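Take a look at the letters that make up each chain.
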Amino acid sequence: MISALADYARLARAGWTLARHDALIPREFAHLTPAPVRLAGAVSRIGAVGRAKRPGERLALAFEKLGPAYVKLGQFMATRPDIVGFELADDLGRLQDKMPPFSEAAARREIEKAFGKPVEALFETFSAPIAAASIAQAHKATLKDGSRVAVKILRPQIEAKAGREFRAFARAAAVVEAVSKAARRMEPVKFVETLKASAAIELDLRLEAGAASELAENLKSESQVRVPGVVWPLTAKRVLTVEWISGTPLGDLAALDRRGVDRRALAKLVIRNFLTQALHDGFFHADMHQGNMIVDDDGRLGLIDFGIMGRLDEQARRTFAEIIYGFIARDYRRTAEVHFEAGYVPPGHSMEAFAQALRAVGEPLQGRNAHEVDMSRVLQQLFDVTALFDMHLRPELVLLQRTMVTVEGVARVLDPGIDMWDAATPVVKDYVTRSIGLEAQGEKLRAATRKAAEIAPRLPHYVEAIGKAAERYMENGAAAEPARSGDRGALAAALWFAGASGLALAAALALR
Ligand SMILES: Nc1ncnc2c1ncn2[C@@H]1O[C@H](COP(=O)(O)OP(=O)(O)O)[C@@H](O)[C@H]1O
Ligand SMILES: [Mg+2]
């Protein structure tokens, strides 16, 4: 009871902040809501502080204001354009994760708690905070042997604070699921559970250390790329210590130029290395913005910050490569087949029509006038196709897509004339010849292995689909419609609505 009240109070506070940013019942969505909500929205907009144009931008500002759990919610929503829509996801993807630092004294206490020794006993020098985000902050330090390190420390009490907010999210999701049939199809409860699980990974820095170590091992033969080594004895759940990378941040173009760094070569390296991670190893850095890359003193590309990583299994990698390969070879029919075989397009759609849609994406790219090709726009068009064909988007592929857009942006800033296909082709070709090149040994063998490999991971999906179909049948009778992309707006509206009704519900439930 008390905790329910606390949850609703929290939601009400969030509702208030959202309203102040005109992100609660945004004017763009108001017409979708019932009259009383519309009225509340109009009232809430009086004196709203949000001046940003798009609802996604206003929502991002409100989330930044609301703190870590909401920043994570925003970042997570950004990875699900299939649920929240492309534009909103894109705006949320630009969410700034910067916060005032906590004190150096508190940081020292955290280290002492984690290792049972004072900072002086563990480090030779230890700096004031150099960067602070919603979950952790970073310090510069030197070890007793003189080597320089970066020390990342979780915010004090962040687990408990985030936990309380997530509990409130879970309650809101349960309410939404109970009251709105349309929103239920989008599975808000499951959405919050997945959000919690992904945040839990970021709340344990040992896992980030594991990611750094795995990536370093994968990339050890890449002489131009550097991943900082983990200092394991000084790493714990709340503290991560890694080698310091001294050099020039990728965002500082003037400094790169002063050093005489070949920006065109660097841009290519960024793209190729990302594709190598994704295709070759199936384990990729999923937060490749310029703030997480440094050109070290030897001119190598240094990667830092391994809080968000993506994984692609063999099947996803192969599908990804075959899709790119199909586009390069202009074999749209084959690309369409791959999508159908992998179960990405639900049965009932025409493979020919799908191939036709893909052709419309691919042919404009074939002029080889590649300077003009805007990869993110191509991917956007691909997403439009996915909506048109009710495609089931696998979260890891969405994460891959989003990271590719980020990587493209970074490369383009370094070299505005970059040719994305040219940069990507060697890595894709290499993967295709090694893996899909099995073809040379007989199409049959290839088909057989692929079938076996693909059916297995799809089984749970089938079972889930059958279960859902049955559920729909029970609810609506035989004429049930499958969930369509139009429901997205409904979820967005429901999410905002949940915040708005937080106060009213708090009162109603408390009196019950
Ligand atoms: N190994 C490192 N070498 C040099 N600078 C680092 C290193 N690790 C972190 N930093 C600095 O600290 C900042 C924050 O660290 P980061 O791991 O990116 O944390 P966050 O998850 O908060 O972005 C970085 O942007 C960079 O300036
Ligand atoms: Mg970072």
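What comes next is a walk through the structure. (Residues numbered from 1 in each chain as written. Chains lettered and ligands numbered in written order. Predicted model: local features only at pLDDT ≥ 70, side-chain atom pairs only at ≥ 80, totals over all residues. Heavy atoms only, no water.)

**Side note on the overall build of the protein**
Now for step 1: Secondary structure assignment for the protein yields 22 helices and 10 strands.
Now for step 2: Across the 512 residues of the protein, 47% fall into the buried class.
Now for step 3: Carbon and sulfur atoms form 59% of the exposed surface of the protein, whose accessible area is close to 24300 Å². (Helix = DSSP H or I, 4+ residues; strand = E, 2+ residues; numbered from the N terminus. Buried < 20%, exposed > 50% of the residue type's maximum accessible area, 1.4 Å probe, protein only. Areas by Shrake-Rupley, 256 points an atom, 1.4 Å probe, with all protein chains shown as cover.)

**Concerning the packing of aromatic side chains**
For any pair of aromatic rings, the description rests on two quantities: the centre-to-centre distance and the angle between the ring planes.
Now for step 1: This model, assessed by the stated rule, comprises 8 aromatic pairs.
Now for step 2: Aromatic side chains F274 and F284 sit 5.7 Å apart centroid to centroid with 90° between the ring planes, which places their arrangement in the edge-to-face category. Taken together, the residues span a long stretch of sequence, with F274 in helix 14 (residues 263-281) and F284 in strand 7 (residues 283-285) at a distance of 10 residues.
Now for step 3: The class for F284 is buried, based on a relative accessible area of 0%.
Now for step 4: What links up through ring pairs into an aromatic cluster is the set F63, Y70, F166 and F169. (Phe/Tyr/Trp six-rings, centres within 6.5 Å; stacked < 30°, edge-to-face > 60°.)

**Some points on the site of ligand 1**
Now for step 1: Within the structure, ligand 1 sits among 15 residues, and K152, E243, I245, N292 and D305 are positioned closest to it.
Now for step 2: At 2.8 Å from a nitrogen atom of ligand 1 is found a main-chain nitrogen or oxygen belonging to I245.
Now for step 3: Contacts to ligand 1 include N292, whose side-chain N or O atom sits 3.1 Å from an oxygen atom.
Now for step 4: Protein coverage of the free-state accessible area of ligand 1, which is 550 Å², stands at 77%.
Now for step 5: Broken down by secondary-structure element, the contributors of at least two residues to the shell around ligand 1 are strand 1 (123-132), strand 3 (148-154) and strand 5 (239-243). (Near = heavy atom within 4 Å. Polar contact = N/O pair within 3.5 Å; in protein donor to acceptor, adjacent residues only side chain to side chain.)

**Notes on the pattern of salt bridges**
Where charged atoms from two side chains of opposite charge come close, those side chains can pair.
Now for step 1: Per the stated rule, a full pass over the model turns up 26 salt bridges.
Now for step 2: Between K152 and D305 there is a salt bridge, with the nearest N and O atoms lying 3.2 Å from each other. Taken as a pair, K152 in strand 3 and D305 in the loop between strand 9 (301-303) and strand 10 (309-311) lie far apart in primary sequence, 153 residues in all.
Now for step 3: With relative accessibility at 22%, the residue D305 sits in the partly exposed group.
Now for step 4: Among the ionic pairs, R263 bridges to D257, the shortest N-O distance being 2.8 Å. (Salt bridge = Lys/Arg side-chain N within 4 Å of Asp/Glu carboxyl O.)

**Considering the pairing of strand 5**
A regular strand places its side chains so that they alternate between the two faces of the sheet.
Now for step 1: For strand 5, the buried fraction is high: 4 of the 5 residues fall into the buried class.
Now for step 2: Note: strand 3 against strand 5, 5 bridges, orientation antiparallel. Residue pairing in the sheet places A150 in a bridge with V242 of strand 5. (Pairing = 2+ DSSP bridges.)

**Concerning the environment of H280**
Now for step 1: Tracing the chain through its elements places H280 in helix 14.
Now for step 2: Given a relative accessible area of 42%, H280 falls into the partly exposed group.
Now for step 3: Separated by 151 residues in sequence, H280 and Y431 have C-alpha atoms that sit 6.8 Å apart.
Now for step 4: If we ignore the near neighbours within four places in the chain, the residues touching H280 are L275, R317 and R434.
Now for step 5: There is a polar contact of 3.0 Å between the side chain of H280 and the side chain of D281. (Contact = heavy atoms within 4.5 Å.)

**A short note on the coordination of the magnesium ion (ligand 2)**
Now for step 1: For the magnesium ion (ligand 2), every protein donor is listed as N292 (OD1) and D305 (OD), and the spread of their distances is 2.2 Å. Note that N292 is positioned in the loop between strand 7 and strand 8 (293-296) and D305 in the loop between strand 9 and strand 10, a separation of 13 residues in sequence.
Now for step 2: Since its relative accessible area comes to 6%, N292 is described here as buried. (Donors = N, O, S within 2.8 Å, 3.2 Å for Na, K, Ca; no water.)

**Section: helix 9 (residues 158-179)**
Now for step 1: Relative to the 32 Å expected for 22 residues at 1.5 Å per residue, helix 9 spans 32 Å between its end C-alpha atoms, a close match to the ideal helical length.
Now for step 2: Inspection of helix 9 places I158, A162, E165, F166, A168, F169, A172, A173 and V176 among the buried residues, and these make up the whole buried set. Seen from one end, helix 9 has its buried residues packed into an arc of 155°, which puts them on one side. (Expected span 1.5 Å × (residues − 1). Arc of directions from axis to C-beta.)

**Points about the packing of helix 16 (residues 332-341) against helix 17 (residues 351-362)**
For any two helices packed against each other, one specifies the inter-axial angle together with the distance between the axes.
Now for step 1: Running from N to C, helix 16 and helix 17 point in directions that differ by 120°, and their axes come no closer than 8 Å. One finds that helix 16 runs oblique with respect to helix 17. Between helix 16 and helix 17 lies a crossing whose hand is right-handed. Touching Y332, R333, T335, A336, E337, H339 and F340 of helix 16 are M351, E352, F354, A355, L358, R359 and G362, all from helix 17.
Now for step 2: Looking at the contact of helix 16 with helix 17, its residues break down into 7 nonpolar, 3 polar and 4 charged. (Axes fitted to C-alpha atoms, helices over the stretch in contact; angles between N-to-C directions. Parallel < 35°, antiparallel > 145°, perpendicular 65-115°, else oblique. Left-handed = near helix turned anticlockwise from the far one by under 90°. Nonpolar A, V, L, I, M, F, W, Y, C, P; charged D, E, K, R; others polar.)

**Details of a positive patch on the surface**
Now for step 1: On the surface, K161, R164, R167 and K196 cluster together to form a positively charged patch.
Now for step 2: Looking at which element gives the most residues to the positive patch, the answer is helix 9, with 3 residues.
Now for step 3: On the basis of relative accessibility, which here comes to 44%, the residue K161 falls in the partly exposed class. (Patch = residues over 30% accessible without salt bridge, like charges linked within 9 Å, V, L, I, M, F, W, Y side chains within 5 Å. Lys, Arg positive; Asp, Glu negative; His and termini not counted. Charge placed at Lys NZ, Arg CZ, Asp CG, Glu CD.)

**Here we look at the side chain of T17**
Now for step 1: Take T17: it is sitting in helix 1 (residues 2-20).
Now for step 2: Beyond its immediate stretch of four places on either side in the chain, T17 contacts A62, K65 and L66.

**Remarks on the side chain of H339**
Now for step 1: Tracing the backbone through its elements, the reader meets H339 in helix 16.
Now for step 2: Residue classification places H339 among the buried residues on the basis of a relative accessible area of 7%.
Now for step 3: A polar contact of 2.9 Å, which involves the side chain of H339, links it to the backbone oxygen of T335.
Now for step 4: Ignoring sequence-local partners within four residues, the contact set of H339 consists of I323, Y344, V345, F354, L358 and M391.

**Section: the sheet that holds strand 6 (residues 247-249)**
Now for step 1: Sheet architecture is open: 4 strands sit in the order 4-9-8-6, paired in mixed fashion. Across the chains shown, the open sheet's two edge strands, defined by having one partner strand only, are strand 4 (225-226) and strand 6.
Now for step 2: Relative to the sheet, helix 14 contacts strand 4, strand 8 and strand 9, its axis offset from that of strand 9 by approximately 45°.

**So, the sheet that holds strand 3**
Now for step 1: Taken in spatial order, the 4 strands line up as 1-2-3-5 in an open sheet, and their pairing is antiparallel. Only two strands of the sheet have a single partner each, and these edge strands are strand 1 and strand 5. Neighbour-to-neighbour, the strand axes of this sheet turn through a mean angle of 25°, independent of strand direction.
Now for step 2: Here helix 7 (residues 104-115) sits on the sheet in contact with strand 1, strand 2 (136-143), strand 3 and strand 5, set at roughly 125° to strand 1.

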